[in-house]
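Per-entry structural report
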Amino acid sequence: MEDKVFILELAKALKEKRNVVFIFIGPDGSSIRCAIKDGNILYIESLYGTGKSEIERLIKWKKGKVIERPLKTEDENKKGELIDPNPIIALLEKVEEKEDLKSEFKREFLKLLKYLVNDLETYSQTLKELQNFNKSTNIYYIQNKGFLFLKDDKVEGFLNNIGKFLSEFFSSENLIISKLSIESWEYELMKLPFYKEPEIEGKISISLINRFLNDVNGLFYISEKSKMILLKNQNNLKIYKTSPEISILDNLELKEDPSVLIYT
């Protein structure tokens, strides 16, 4: 059974107006039981408390095992503290917005990586041969598969053609390979999404973005009509406009406060 985010599972059930009893198993093995009917919480309780305090514990626990049981008459007859479901549902909607932004970023990131492929250096090799040949930090495009991040002979990550980040990549077949045109400082920034969640996500002001560009090193994704990916490291800054076509900008050009993802 895979771990699930407790408060989001609760929010989904409230939004969908399900009739269900949840048993949320916490990190210490204790549990919280919650009964839902028609988009409302009938009760939420554990050995340690009831009501809103248990909602707070679910948020603090973050995620774990979730067991679902059918709603029974005894559950419907048991009434607990009245809890407004709307703020919990709003949490779900906020998370869904962030997930949409991350999905959009992956599409634009893939587009940028394809733009950086140097087609003149296409050759056929096995993965083992490529690893033995590679002597620094490089990103390679493997035809029909995705992008391989290599540090010397070590695979540091792989981004497949549908935008899924993987920590490993294996293949015994002959591969058609192209090298990307990047510098070593760009490599370090482009691999950030393998290891980190965004430090900042959501709508922020233009003035704050400009301040970050002075003070923060990292990979920035800026979502507006002309979507942009920025790579910033010390005195190095590259700005790529990725939609509808990729081009390099000299200056950051923003007309209104955008949504952003910033990996640092």
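Use the structure listed above.
Residues numbered from 1 in each chain as written. Predicted model: local features only at pLDDT ≥ 70, side-chain atom pairs only at ≥ 80, totals over all residues. Heavy atoms only, no water.

Here's the deal with the sheet that holds strand E16 (residues 247-249)
- Read across the sheet, six strands follow the order E12-E17-E13-E14-E15-E16 without closing on themselves; strand pairing throughout is antiparallel. Looking at strand neighbours, the two that pair on one side only are strand E12 (200-203) and E16, the edges of this open sheet. Taking the axes of each pair of neighbouring strands and ignoring which way they run, one obtains an average angle of 20° across the sheet.
- Pairing analysis gives five bridges linking strand E13 (residues 218-223) to strand E14 (residues 228-233), with the strands arranged antiparallel. Residue Ile222 lies in a different strand from E14, and its bridge partner there is Met228. (Pairing = 2+ DSSP bridges. Helix = DSSP H or I, 4+ residues; strand = E, 2+ residues; numbered from the N terminus. Axes fitted to C-alpha atoms, helices over the stretch in contact; angles between N-to-C directions.)

Remarks on the pairing of strand E17 (residues 259-263)
- Summarising burial for E17: four of the five residues are buried, a large majority.
- Across four bridges, the pairing between E12 and E17 is antiparallel. Of the residues in E17, the one forming a bridge with Lys203 is Ser259.
- Taken together, the five bridges between E13 and E17 define a ladder with antiparallel strand orientation. Residue pairing for E17: Leu219 is matched across the bridge by Tyr263. (Buried < 20%, exposed > 50% of the residue type's maximum accessible area, 1.4 Å probe, protein only.)

Some details on the nonpolar core
- One finds Phe109, Ile139, Phe147, Leu180 and Met190 to be the most contacted residues of the largest nonpolar core, which totals 29 residues.
- Sorting the residues of this core by element identifies helix H4 (86-115), strand E7 (137-142), strand E8 (146-151), helix H6 (184-190), helix H7 (192-195), E13, E14 and E17 as the ones contributing at least two each.
- At six residues, H4 tops the list of elements feeding residues into this core.
- If near-sequence neighbours (up to four positions away) are discounted, Ile139 is found in contact with Phe147, Leu148, Phe149, Ser178, Lys179, Leu180, Ile182, Tyr187 and Met190.
- Counting 23 residues, the second largest nonpolar core, distinct from the first, contains Leu8, Val20, Val66 and Ile89. (Core = buried A, V, L, I, M, F, W, Y, C linked by side-chain atoms within 4.5 Å. Contact = heavy atoms within 4.5 Å.)

A look at the sheet that holds E7
- Strands sit in the order E6-E11-E7-E8-E9-E10 across an open sheet of six strands; the sheet is antiparallel. With partners counted over all chains shown, the strands left at the sheet margins are strand E6 (117-126) and strand E10 (165-166), one partner each.
- Sheet analysis places E7 next to strand E11 (residues 174-180), joined by three bridges and oriented antiparallel. Each residue of the ladder has a partner; that of Ile142, found in E11, is Ile177.
- In the packing of H4 onto the sheet, the strands contacted are E6, E8, strand E9 (154-160), E10 and E11, and the crossing angle to E9 comes to about 115°.

Overview of the side chain of Gln131
- Turning to its location among the elements, Gln131 is positioned in helix H5 (residues 127-133).
- Relative accessible area serves as the criterion here: at 15%, Gln131 is assigned to the buried category.
- Setting aside chain neighbours within four positions, we find Gln131 in contact with Leu150, Asp152, Asp153 and Val155.

Examining helix H1 (residues 6-15)
- With eight of ten residues buried, H1 lies mostly within the body of the structure.
- The first or second residue beyond H1 is Lys17, which carries a positive phi of 55°.

A few points about the packing of H1 against H4
- It is at 8 Å that the axes of H1 and H4 come closest, and there the two elements cross at 110°. By the angle class used here, H1 and H4 are roughly perpendicular. Where H1 abuts H4, its residues Ile7, Leu8, Leu10, Ala11, Lys12, Leu14 and Lys15 lie against Ile88, Ile89, Leu91, Leu92, Glu93, Val95 and Glu96.
- Along the lines of polarity and charge, the residues of the contact of H1 with H4 split into ten nonpolar, no polar and four charged. (Parallel < 35°, antiparallel > 145°, perpendicular 65-115°, else oblique. Nonpolar A, V, L, I, M, F, W, Y, C, P; charged D, E, K, R; others polar.)

Quick word on the packing of aromatic side chains
- Following the criterion strictly, the structure yields 14 aromatic pairs and no others.
- Between the aromatic rings of Phe149 and Phe194, the centroid separation amounts to 4.5 Å while the plane-to-plane angle is 80°, which identifies the pairing as edge-to-face. Here Phe149 is found in strand E8, whereas its partner Phe194 is found in helix H7, with 45 residues between them in sequence. Note on accessibility: Phe149 and Phe194 belong to one class, buried.
- Considering the side-chain rings of Phe165 and Phe194, the 5.1 Å spacing of their centres and the 75° angle between planes classify their relative orientation as edge-to-face. Residue Phe165 is located in strand E10, and its partner Phe194 is located in helix H7; the two are separated by 29 residues in the primary sequence.
- Ring pairing ties together the aromatic residues Phe105, Phe109, Phe149, Phe165, Tyr187, Phe194, Tyr195, Tyr221 and Tyr263, which thus form one cluster.
- We note Lys78 situated over the ring of Tyr43; from NZ or CZ to the ring centre the distance is 4.7 Å. (Phe/Tyr/Trp six-rings, centres within 6.5 Å; stacked < 30°, edge-to-face > 60°. Lys NZ or Arg CZ within 6 Å of the ring centre and 35° of its normal.)

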